Amino acid sequence: MIQRYRYGNPFPTEATVEQIAISEGTLPFFETDGKGGFSYSLKEDDIVYGLGEQVRGINKRGWHYVSWNFDNPHHQEDTLSLYGAHNFLIVHGEVTFGVFFDYAGKLEFDIGYTRRSLMRVRAQKNDLDVYLITGENEKEIVRRFRHLIGRSYIPPFWAFGYGQSRWGYKNEADIREVVSEYQKAGIPLDSVYMDIDYMENYKDFTVDAGRFPNLGDLVSELSRQGVHLVPIIDAGVKIEEGYEVYEEGVKNNHFCKNAAGEDFVGAVWPGRVHFPDFLNPKAREWFGEKYSVLTKLGIDGFWNDMNEPAIFYTEDRFADTLTKLEELSTKNVGINEYFAFTGMVAGLNGNAGDYEKFYHNVNGKPVKHSEVHNLYGMNMTRAAYEALRKLAPHKRTLFFSRSSYIGAHRYGGIWQGDNKSWWSHILQSMQQLPALNMAGFLFVGCDVGGFGSDTTEDLMIRWLQYSLFTPLFRNHSSNGTRRQELYCFENIKALGDMIQIRYSLIPYLYSEFLKAVYEDSMMFRPLAFDFPEDKLAASVEDQLFLGDELIIAPIYQQNAVGRYVYLPEEMMLVRMRRYNDYDTEVLPKGHHYVSSKLSELVFFLRKGRAIPMVAPALNTSLLTSEITTMLGYPEGTYSLYEEKLQ
Ligand code: MIG
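Residues numbered from 1 in each chain as written. Predicted model: local features only at pLDDT ≥ 70, side-chain atom pairs only at ≥ 80, totals over all residues. Heavy atoms only, no water.

Peer 1: Report on the side chain of His425, specifying residues and quantitative values.
Peer 2: Locating His425 in the fold gives a position in helix α11 (residues 424-438). If sequence neighbours within four positions are ignored, His425 has contacts with His75, Asn419, Lys420 and Trp463. (Helix = DSSP H or I, 4+ residues; strand = E, 2+ residues; numbered from the N terminus. Contact = heavy atoms within 4.5 Å.)

Written out as structure tokens, the structure is:
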């Protein structure tokens, strides 16, 4: 059952697609303070799942979190906000229920942090809808919630192939080199990503003519080799006379305004920018149509970035900082003034005060950005999705976004943002997967190998062994870090073998993905969702069910030669070196130490099950559907979920 409770006068977020009547009574289980605060008494053994893209474990209990979409490249245990606001939780205990706080502004969660026995949720204003979802078990609660928020986006089949990206590919030659090096190494590849350097001075929907003299030709040339080019689009539009997107936006009032009614100015990569008012359907339509500049050249995939929106600085705040500097330069600066000043400089980026200074036009009325902040990224991807559905109704386009809110899963996938080449970030990505699936995000993945910091070959191979199971499978890194294209390492063959294994599994993975879409189910689940009575399963933080067939248990520690796993029932261990070279061993229920050499992928098949594998190919268009192996128990069968066109 789903009940909806209304407080004050909420902003219509469009997170949900099902109309649920507003209940007259009071919200069960919680105490409410009438000021946007909700508290729930946690029992000793209660577990809290959810919150989508957030730090810490699968069980969220014991820390606090803030839904405030934020460009934060430091994903650490004490990080409070990342790029998404996914305000859906499941409390598991004597009473088990799901709860969604549908609120577009800043929302704080204290989940047994201040007091272990108390969960407190606080909206900045008492203007929100709260949905309470009950059901027989977690899987049923998720199914109901997902039905409420609508069907998840489905990318094209090729989006399940392997992608290579790096911030720093500057011209055609750089892109061609990536493709040819992969070909030389015999490693499958379906896409190469174009980061901000393809644009002319970081202007959206432009292509630098010097560095990409004929992008359309490049797109066709690569497409003949089975490779798709995927450009980035940033949220901010550069202020520049004569730049069409800027001029149209100004003329037609498509940009967010400041309090004086002028187009608001922030600074991001292009320098001074205006921010499209994605909450306004007219601006959405206008911006969405711009994607056709690139689709006309044959582009069929995009990633949307900086759409929290990220603001490096605003002019006023920067000017204040410079004035302060001048003032200090004539003084004998004390240590307190020194720290106050460096704090001012550090506080330019993503300053909360700047989000108070611009407005959206909602049905002719100005709405302050901070009150609807968490909806911005979702509506950028929505703009693209809706336009492309109109322009090319029979074609699927790849979209994924950095920032999101619940509901954004209808328009595209998300990637998990700027992680680092740290062992702990394999685990961090994995712990987010079930929470993202709960919130509808099925087309997800992280920057494989790590975005920031320098990667290493052993980290890369272990990372591939985790990520080869995730729908989005893209190697991406920041400029200034060590190169991490797979051909840059010593044991290229071992790395390539992992990519081949991915391709052998693509029909199975795509089928599991579609099943999760059409059945409103989770592709990745905590062990406890399937074994609710098993106390040991409840505390497993580093293994997940994939579909009804597998348990994945990646290695995320440097120099590890194996790891402990907990099997909630008898399972078949698979140790795979190549798609056609593996051993299996049936292990009983319980704890096991499982050895795994660096080049060995380890995973587990559920009792009585088997999964289909096909021969790998150099890209998805060359994959045949002929099943070469049924991997698993001899009696196991599997029915491939068939592609239904939307
Ligand atoms: O301020 O476009 O998360 O994937 O490579 C950094 C450059 C802007 C952040 C994205 C990252 C991308 C980078 N962008």
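Peer 1: Report on the nonpolar core, specifying residues and quantitative values.
Peer 2: One finds Leu229, Leu464, Phe469 and Leu486 to be the most contacted residues of the largest nonpolar core, which totals 166 residues. Here the element with the most residues in this core is helix α13 (residues 492-518); it accounts for 16 residues. When sequence neighbours within four positions are dropped, the list of residues in contact with Leu464 reads Tyr162, Val448, Phe473, Leu486, Leu495, Met498 and Ile499. (Core = buried A, V, L, I, M, F, W, Y, C linked by side-chain atoms within 4.5 Å. Buried < 20%, exposed > 50% of the residue type's maximum accessible area, 1.4 Å probe, protein only.)

Peer 1: Describe the site of the ligand, listing the residues and the values that go with them.
Peer 2: Neighbouring residues of the ligand: 14 residues in total, closest Asp195, Trp269, Asp305, Asp418 and His476. Here Asp195 contributes a side-chain N or O atom positioned 2.5 Å from an oxygen atom of the ligand. At 3.0 Å from an oxygen atom of the ligand is found a side-chain nitrogen or oxygen belonging to Arg402. Within the complex, the protein chains bury 96% of what would otherwise be the 350 Å² of accessible surface of the ligand. Looking at the shell around the ligand, its residues break down into 9 nonpolar, 1 polar and 4 charged. (Near = heavy atom within 4 Å. Polar contact = N/O pair within 3.5 Å; in protein donor to acceptor, adjacent residues only side chain to side chain. Areas by Shrake-Rupley, 256 points an atom, 1.4 Å probe, with all protein chains shown as cover. Nonpolar A, V, L, I, M, F, W, Y, C, P; charged D, E, K, R; others polar.)

Peer 1: Which residues make up the sheet that holds strand β16 (residues 266-268), and what are the values?
Peer 2: Read from one edge of the open sheet, 3 strands run β15-β17-β16, paired in antiparallel fashion. Because the sheet does not close on itself, it has two edges, and the strands there are β15 (237-238) and β16. Across 3 bridges, β16 lies against strand β17 (residues 271-274) in antiparallel orientation. By the bridge assignment, Gly266 is partnered in β17 with Val273. (Pairing = 2+ DSSP bridges.)

Peer 1: Can you explain the environment of Phe358? Please cite residues and give values.
Peer 2: With respect to the element layout, Phe358 can be found in the loop between α8 (335-346) and β19 (359-362). Its relative accessible area of 0% is what places Phe358 among the buried residues. Along the chain, Phe358 and Pro156 lie 202 residues apart, while their C-alpha atoms are 37 Å from each other.

Peer 1: Residue-level account of the side chain of His254, with values.
Peer 2: Mapping His254 onto the fold places it in the loop between α4 (244-251) and β16. The buried category is assigned to His254, whose relative accessible area is 7%.

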